[in-house]
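Chain and residue survey
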Amino acid sequence: MLTRLNFISRRFSKAAHKLLFDMEKAYFKKAPDNRCNITFRYTNDVHKIDRVFNFSRDINEKVVVALDRIKVNVEKELNKKLNKQKNKKKAKPEELKELPPPIDVEVTLLRNQEALKDVAFSELLSFEDINSESLYSLKILENNYNVVFNCPWVTEVKMPTSILANYFVYPSRLLLEYADTDKSEIIWYKGLPKDDEEKIEWQQIGTGFTYLATSADIGYKLKVVVVPKNAEREGPAAEAISKCEVQADPGSCPFDTRHLFTQDRCSGTKFRVVSYNLLADLYADSETAKKELFPYCPEYALNIDYRKQLFMKELIGYNADLMCTQETDDKIFDLDLKPVFANRGMDGTFQAKGVTREGLATFWNKNRFELVEKHGMNIGEKVEKLPEFAHIWDNVKTNKALWTRLVERSTALQVTLLRVKDSNKLLLVANTHLYFHPDADHIRLLQIGLSMLFIENYRKELKTRFPNDQIALVFCGDFNSVPECGIYKLMTEKFVPQDFIDWNSNEEQAVKGLELRQPFDMKSAYSPELAFTNFTPHFTATLDYIFYESDKLEVNEVIPTPSAEELHPHVAIPSIVCPSDHVALVANLDWK
């Protein structure tokens, strides 16, 4: 398809990609900001002009005003060429007389061969016949263009700044209008770098949204070509070339061994659950992270474009049915996790954590589950508002230092209700990342207590709405609590008394006279607990859990986590072979 287009390789100043236009078409497109964008490629062999023109006009403007602007700009380009010819021939007056006078350009927009004049773009774009083939045309001097309205369009396509052999590469940013990613055509090429990109000889190496770079690609640049399509049409292709060459991979990673246990997705009633704190770029890319938290990790390996290659390959290789991630950058969710896993049959939802650019994400296999509904909240914002929280709020509100610290935390809870396809089974999936501070056991205990109250109240509601369905709870997350803390006790023993030590983790904010209960028979998938899920030189402990309702579900298998001996060669994690300071938890569950 690409070979029959007449391409132009002009690079736009504000984009990292090139659009490849059909010379016989002019593109009129309604933009989201109530503008009408007009794009066409104008060529004139006599004056050696080959240029793409772009115009953005107010949607309420009359078409004739825009045509006048097109006329002015094309005339300016033509007469600029004429003036250059005149300047070259100043020494020969007789030749100067032979040059033609300034060019007057006629620009007309035609509908069924009749000129459109007293029409605004808003009216034009509402005509029912704008998609009729060859009904509209734009005439500019001797050039006649078929006008295409709102055709599929690549607004932006960018390549990542780091590409590793034996890792997946995909556009680091792909924005489409009037197009569907799954219907669009994406083609990958490689070529040896040259000073002039136009002279690179490109060899096709793959198709599809992702491409698994190989060792044979090391030293090559990669190019991606995107042909935007929807169910009816396709638009002009766009291409982007990587600034970097493909680099050698870091060698064997701990997750490579774990993938030996997860080469296939679960079958029957079994399903695989992953919980993983990804280490948000917000925390990994700071000076504190580089100099104090992770000084043993090379700076390039803390860069998100490097790390995301590792955790994307790791997550893909687990072949999960359910995936809960924490410290998920909103851009990573939008531009990496969601599009990559959409191409692997998974859908997902994101819950922001307050005003920070990171939060929680939950993904599910669409072949196994269908989304019923989802909920999300900032726990601190809801503590004094939800009726089910009243008795906890009544207790803490008497201590200003306590309630202020609780309310000001940005901790979020994400709850996703999924139905096992073609069954009466509902899976209630909760995901959270509790407050981290060392003196905040009491805050974390309040946060989990509030979370379980919300889930308990929600489950009661679900039982009235779905009386014939079996409902089971899975609760994943980074709970920032070791097994000896009150959170583990509440989850596995259902009760935390008012004299439990966690309530006094901060003397000024001590919680008095409060006990917590929850009604679910919960167990931890990795029980007995792991030696660690967080592994740094300063702190090594188990903080992450997959809790499941043990009277409804059972553990079929847990995937072994890396040992300390595997991680010590790089001091700790993150490292060049581990993208996070946490390890992923992976468990296969089954319905009883």
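A few points on the structure. (Residues numbered from 1 in each chain as written. Predicted model: local features only at pLDDT ≥ 70, side-chain atom pairs only at ≥ 80, totals over all residues. Heavy atoms only, no water.)

**Topic: the overall build of the chain**
What counts, and what does not: Each helix is a run of DSSP H or I of at least 4 residues and each strand a run of E of at least 2, with the numbering of both proceeding from the N terminus. Each residue's exposure class comes from its accessible area (1.4 Å probe, protein chains only) as a fraction of the maximum for that residue type: buried when under 20%, exposed when over 50%, partly exposed otherwise. Whether two residues are in contact is decided by their heavy atoms, any of which lying within 4.5 Å being enough. Surface accessibility in these figures is a Shrake-Rupley result with a 1.4 Å probe; residues are shielded only by whichever protein chains are displayed. Under this rule, positive means Lys or Arg and negative means Asp or Glu; His and the chain ends count for nothing. The location of each charge is read from NZ of Lys, CZ of Arg, CG of Asp or CD of Glu.
When its secondary structure is counted, the chain shows 15 helices and 32 strands. Projecting the C-alpha coordinates of the chain onto the three principal axes gives extents of approximately 105 × 55 × 50 Å. Each of the 592 residues in the chain was classed as buried or not, and the buried ones make up 56%. A separation threshold of at least 6 residues defines the contact pool for the chain, and within that pool the share at least 24 residues apart is 71%. Just so you have it, the chain exposes about 26400 Å², and 47% of that area is on carbon and sulfur atoms. For the chain, the distance from the average position of its 78 positive side-chain charges to the average position of its 87 negative side-chain charges is 6 Å.

**Let's talk about the environment of Asp 590**
Within the secondary structure, Asp 590 is located in strand 32 (residues 585-591). Spatially, the C-alpha atoms of Asp 590 and Thr 269 are 5.9 Å apart, while their sequence positions differ by 321 residues.

**Comments concerning the layout of surface pockets**
Let me state the cut-off plainly: The way it works is a 1 Å grid over only the protein atoms, where trapped points that fit a 1.4 Å probe form a cavity and open points with protein on both sides within 12 Å along at least five of seven lines form a pocket, and then any residue with an atom within 4 Å of a point lines it. Grid points are joined across faces, edges and corners, and a volume is the space filled by probe spheres set on the points.
Here the largest pocket defines a volume of roughly 960 Å³. Taken together, 34 residues make up the lining of the largest pocket; nearest its centre are Glu 327, Phe 436, His 437, Asn 480 and Asp 581. Elements that contribute at least two residues to the lining of the largest pocket include exactly helix 5 (281-284) and helix 13 (441-465).

**Considering the environment of Gln 309**
Take Gln 309: it is sitting in helix 8 (residues 304-317). Expressed as a C-alpha distance, the spacing of Gln 309 and Ser 550, which sit 241 residues apart in the sequence, is 35 Å.

**Side note on helix 8**
The criterion, for reference: To estimate the expected span of a helix, count its residues, drop one, and scale the result by 1.5 Å. For this analysis, a polar contact is any N or O atom pair within 3.5 Å, provided that within protein one partner can donate a hydrogen and the other can accept it, and provided that sequence-adjacent residues contribute only side-chain to side-chain pairs.
Given a rise of 1.5 Å per residue, 14 residues ought to cover 20 Å, and the 19 Å separating the end C-alpha atoms of helix 8 matches this to within 8%. Most of helix 8 is tucked away: 14 of the 14 residues are buried. The opening residue of helix 8, the one whose side-chain oxygen lies 2.8 Å from the backbone nitrogen of Asp 305, is Asn 303. Phi turns positive one or two residues past the end of helix 8, at Asn 319, with a value near 50°.

**What to know about the sheet that holds strand 30 (residues 544-549)**
This is how it is decided: In short, DSSP must find at least two bridges between two strands for them to pair. For helices, the fitted axis covers only the stretch in contact; all axes are lines through C-alpha atoms, and the angles between them, taken along N-to-C directions, range from 0 to 180 degrees.
With mixed pairing, the 6 strands of this open sheet are ordered in space as 21-22-23-24-30-27. Of all strands in the sheet, those with a lone pairing partner are strand 21 (369-378) and strand 27 (522-524), marking the two edges. In this sheet, neighbouring strand axes are inclined to one another by 20° on average, regardless of whether the strands run parallel or antiparallel. Here strand 27 runs beside strand 30; their pairing, made up of 3 bridges, is antiparallel. Directly across from Met 522, in strand 30, lies its bridge partner Glu 549. Along the sheet face, helix 13 touches strand 21, strand 22 (412-420), strand 23 (425-433), strand 24 (470-478) and strand 30 and points at about 160° away from the line of strand 24.

**Some points on the pattern of salt bridges**
We count it as follows: Each salt bridge in this description consists of a side-chain nitrogen of Lys or Arg and a carboxyl oxygen of Asp or Glu lying within 4 Å of one another.
In total, this model carries 39 salt bridges according to the counting rule given. Notably, a salt bridge pairs Asp 118 with Lys 62, separated by 3.1 Å at the nearest N-O pair. Residue Asp 118 is located in the loop between strand 6 (114-115) and helix 3 (121-124), and its partner Lys 62 is located in the loop between strand 4 (49-58) and helix 1 (63-88); the two are separated by 56 residues in the primary sequence. Residue Lys 62 is classed as partly exposed on the basis of its relative accessible area, which comes to 35%.

**Looking at unusual backbone geometry**
The peptide bond linking Ser 527 to Pro 528 adopts the cis configuration, its omega dihedral lying at 0°. Topologically, Pro 528 is positioned in the loop between strand 27 and strand 28 (534-535). Of the consecutive residues Ile 573 and Pro 574, the connecting peptide bond is found in the cis state with omega at 5°. Positionally, Pro 574 belongs in the loop between helix 15 (564-567) and strand 32. The backbone of Asn 150 sits at a positive phi, close to 50°, despite the residue not being glycine. Relative to the assigned elements, Asn 150 resides in the loop between strand 8 (143-149) and strand 9 (153-158). Asn 150 sits in the buried class, given a relative accessible area of 16%.

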